[in-house]
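# Fold and geometry: a report
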Amino acid sequence: RVEALAAMLHKCRCAYFKELLWLREQLHLASRPEYAMIRDAIEAYEVYWYDPPQYVNEELREFMQDCIRHTNRKLIEENYELRMRLDGKSLSDYEDPNVTFRRI
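Rules and cut-offs
- Here the residue numbers are simple positions, counted from 1 along each chain's written sequence.
- Whole-chain, interface and lining totals are the exception, using all residues; otherwise, since this is a predicted model, local features are given only for residues with pLDDT of at least 70 and side-chain atom pairs are given and counted only at 80 or more.
- With hydrogens and water set aside, each side-chain value is computed from the structure's full complement of heavy atoms.
- Under the DSSP-based scheme used, a helix requires at least four consecutive residues in state H or I and a strand at least two consecutive residues in state E, with every element numbered from the N terminus.
- Classification of residues uses two cut-offs on accessible area relative to the type maximum, computed with a 1.4 Å probe and protein chains only: under 20% is buried, over 50% is exposed, and between them is partly exposed.
- Charged residues are defined narrowly, with Lys and Arg counted positive, Asp and Glu counted negative, and His plus the chain ends left uncounted.
- A pairing counts as a salt bridge when a side-chain nitrogen of Lys or Arg comes within 4 Å of a carboxyl oxygen of Asp or Glu.
- Only heavy atoms enter the contact rule, under which two residues are in contact if any of them lie within 4.5 Å.
- For a helix, the expected span equals 1.5 Å multiplied by the residue count minus one.

### Re the side chain of Glu19
Structurally, Glu19 is set in helix α1 (residues 2–30). Buried charge Glu19 goes without a salt bridge, the closest partner of opposite sign being Lys18 at 10 Å. Discounting residues that sit within four places of it in the chain, Glu19 has contacts with Val47, Tyr48, Trp49 and Tyr50.

### As for α1
Its 29 residues place the ends of α1 42 Å apart at the C-alpha level, agreeing with the 42 Å of an ideal helix rising 1.5 Å per residue. When we look at burial in α1, the residues that qualify are Cys12, Ala15, Glu19, Gln26 and Leu29.

### Quick word on the pattern of salt bridges
On inspection of all chains with the given rule, the structure shows 3 salt bridges. Note that Asp66 is salt-bridged to Arg69, the shortest N-O span being 3.0 Å. One end of the pair is Asp66 and the other is Arg69, both in helix α3 (residues 58–86) and 3 residues apart, which spans about a single turn. We note a salt bridge from Glu77 to Arg73, for which the minimum N-O separation is 3.3 Å. Residue Glu77 and its partner Arg73 are both found in helix α3; the two are separated by 4 residues, about one turn of the helix. Residue classification places Arg73 among the partly exposed positions, given a relative accessible area of 33%.

The values are spatial; any link to function lies outside them.
Pasting the structure below:
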């Protein structure tokens, strides 16, 4: 058990530091105009080595996923309300968000 936890911690640290190094390199490139062409090519990529849910127990992972779902739902509802306002509709014109979710 101790060896497994130590291996997981090592993997977590390596992934974290890889991502940190990548971000530092991006910051360095952004501050140097002569690297604009390289910077433009690199910006097309999203790089993730460190994935926090990979390093937590199942109970915490489920809790995190529930929090993310709740946040996503709130954002979808807020986005829907803003679209309704942009379309010039009033609060009474709003469709029930649950109906919208079922349709999606």
